Amino acid sequence: MTSEHRTTPADPAHADGSAALRIAFSPCPNDTFVFDAWAHDRIPGAPAPDVTFADIDLTNGMAERGELDVLKVSYAVLPWVLTEYALLPCGGALGRGCGPLVLTREPGRELAGARIAVPGERSTAYLLFRLWAAATVPGGVGEIVVLPFDRIMPAVRDGEVDAGLVIHEARFTYQDYGLHKLADLGEHWEATTGLPIPLGAIIARRSLGEAALRQLADTVRASVRAAWADPSVSRPYVLAHAQEMDPAVAERHIGLYVNEFTEDLGEDGYAAIRGLLTRAAEEGLVPPLAPDALSFP
């Protein structure tokens with residue numbers, strides 16, 4: 001899943017003729033599950049969406065360039081985009097026990113000076129990795145190689161890199177590649193902060209206006225609740241975009257990444273986001289956030 005794919009609804013406009021909202025999210029099961037009801041016009045009164053599928057490294061770039069109206073992005077990219085976009089308090093991916101993994105061919109491999117494959121330098125996974133490596137890898141790692149996330153495990157297996165940082169369903173499949181878990185960055189984050197792991201955020205263009213932003217939050221929440229109410233309805237959409245993923249893996253993926261924080265960030269969710277970005281800013285990895293940067297109308 002390394003290229004953009006665009007789908008246009010049968011009627012990509014509101015009943016009053018106004019243009020549809022341009023939205024981009026990944027084809028991963030958690031996102032298609034969350035947005036299924038909205039994408040298929042099952043949320044009464046919701047704005048019509050014009051959907052683009054793109055992996056999160058691409059949507060991060062879209063956000064930095066100010067493209068599209070609503071995007072799923074990494075929390076790590078927020079310091080660069082929150083002037084133009086507002087963080088929605090729902091729809092994203094946070095949780096416990098769902099962090100990125102560092103994988104190697106040999107168990108216990110030392111990473112000092114190692115060549116590491118990562119899924120994007122503006123990804124939350126990479127930010128968590130940088131914070132973890134600063135605390136646990138004396139002398140630091142070596143070369144960082146950016147690869148599409150579906151290429152990382154084969155690259156580690158084939159010896160192209162010494163270790164790989166993986167996300168998503170790789171948590172459930174890395175042993176199929178003969179690989180070993182060197183570190184669970186979510187476990188490290190939770191142990192050192194006590195907070196859930198912030199991974200992916202939903203942002204919307206501030207210029208839409210406060211009323212539209214509140215309507216968007218209501219729409220996303222309604223879409224999440226509709227998916228929970230009858231998961232079978234979203235299954236065709238989820239599996240159609242999961243690129244031959246085992247349906248059982250897709251179900252586990254959804255169960256891990258769609259949770260109470262998807263419905264509402266809540267105090268712990270916001271604390272996790274602030275904690276991550278504050279720590280990263282102290283390490284010089286991201287610009288500092290303005291005091292009200294995460295506020296929602």
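Just so it is clear, the structure is predicted and the values come from calculations on it, not from any experiment. (Residues numbered from 1 in each chain as written. Predicted model: local features only at pLDDT ≥ 70, side-chain atom pairs only at ≥ 80, totals over all residues. Heavy atoms only, no water.)

Participant: If you had to explain the sheet that holds strand E11 (residues 180-184) to someone new, which residues and values would you point to?
Facilitator: The mixed open sheet is built from five strands, whose spatial order is E9-E8-E10-E7-E11. A single partner strand is all that each edge strand has here, and the edge strands are strand E9 (144-146) and E11. If you compare each strand with its neighbour and ignore which way they point, the axes differ by 30° on average. Sheet topology note: the strand E7 (residues 101-104)/strand E10 (residues 163-166) ladder contains four bridges and is antiparallel. Within E10, the position partnered with Leu103 by the bridge is Gly164. With respect to the sheet, helix H7 (residues 185-193) is in contact with E7, E10 and E11, its orientation differing from that of E11 by roughly 25°. (Pairing = 2+ DSSP bridges. Helix = DSSP H or I, 4+ residues; strand = E, 2+ residues; numbered from the N terminus. Axes fitted to C-alpha atoms, helices over the stretch in contact; angles between N-to-C directions. Contact = heavy atoms within 4.5 Å.)

Participant: Any chance you could break down the packing of helix H1 (residues 29-39) against helix H9 (residues 231-240) for me, citing the residues and the numbers?
Facilitator: It is the contact of H1 with H9, at a shortest axis distance of 9 Å, that shows an interaxial angle of 110°. By the criterion of interaxial angle, the relationship of H1 to H9 is roughly perpendicular. Along this stretch, H1 crosses H9, giving a crossing that reads as right-handed. The segment H1 lies against H9, with Pro29, Thr32, Phe33, Asp36 and Ala39 engaging Pro231, Val233, Ser234, Tyr237 and Val238. (Parallel < 35°, antiparallel > 145°, perpendicular 65-115°, else oblique. Left-handed = near helix turned anticlockwise from the far one by under 90°.)

Participant: Which residues make up empty space enclosed by the protein, and what are the values?
Facilitator: Tallying each qualifying case throughout the model produces one cavity of 30 Å³ or more. Looking at the largest cavity, its volume works out to about 280 Å³. What lines the largest cavity is a set of 24 residues, among which Ile56, Ile167, His168, Leu199 and Gly200 lie closest to the centre. Of all elements in the fold, only H1, helix H2 (56-64), strand E4 (70-74), helix H4 (124-136) and strand E12 (197-205) reach the threshold of two or more residues within the lining of the largest cavity. (1 Å grid on protein atoms, 1.4 Å probe; cavity = no way out; pocket = protein on both sides within 12 Å on 5 of 7 lines; lining within 4 Å. Points joined across faces, edges and corners; volume = space filled by probe spheres on them.)

Participant: So what's going on with H9? Which residues, and what values?
Facilitator: Along H9, the positions that sit buried rather than exposed are Ser234, Tyr237 and Val238. Mapping the buried residues of H9 onto a view down its axis gives an arc of 100°, with all of them on the same face. Relative to its buried face, H9 has exposed residues pointing more than 90 degrees away, namely Pro236 and Ala240. Looking at the buried residues of H9, the elements they touch are strand E2 (21-25), H1, strand E3 (49-53) and helix H10 (247-257). (Buried < 20%, exposed > 50% of the residue type's maximum accessible area, 1.4 Å probe, protein only. Arc of directions from axis to C-beta.)

Participant: Which residues make up the packing of aromatic side chains, and what are the values?
Facilitator: Applying the stated criterion to the full structure yields six aromatic pairs. Consider the rings of Phe25 and Phe53, whose centres lie 5.3 Å apart with planes at 85°: the pair is edge-to-face. Residue Phe25 is located in strand E2, and its partner Phe53 is located in strand E3; the two are separated by 28 residues in the primary sequence. Take Phe25 and Phe53: they sit in the same class, and that class is buried. The interplanar angle of 20° and the centroid separation of 6.3 Å between the aromatic rings of Tyr126 and Phe129 together place this pair among those described as stacked. In this pair, Tyr126 and Phe129 are both assigned in helix H4, three residues apart and thus about one turn of the helix distant. Counting every residue linked through ring pairs, the aromatic cluster contains Phe25, Phe35, Trp38, Phe53 and Tyr237. Directly above the aromatic system of Trp80 lies the positively charged group of Arg122, at a separation of 3.7 Å from the ring centroid. (Phe/Tyr/Trp six-rings, centres within 6.5 Å; stacked < 30°, edge-to-face > 60°. Lys NZ or Arg CZ within 6 Å of the ring centre and 35° of its normal.)

Participant: Would you mind going over the side chain of Ser234 in detail, with residue names and values included?
Facilitator: In this fold, Ser234 is placed in helix H9. Within the structure, Ser234 has its side chain in polar contact with the backbone oxygen of Pro231 (distance 3.0 Å). Among all residues touching Ser234, those that are not within four sequence positions of it are Phe33 and Asp36. (Polar contact = N/O pair within 3.5 Å; in protein donor to acceptor, adjacent residues only side chain to side chain.)

Participant: Account for the confidence of the model for the protein chain, with residues named and values stated.
Facilitator: Taken as a whole, the protein chain shows an average pLDDT of 91; of its residues, 94% reach a score of 70 or greater. Taken as a whole, residues 1-17 scores under 50 in pLDDT and shows 41 contacts with residues more than four places along the chain or in a different chain. (pLDDT = per-residue confidence, 0-100.)

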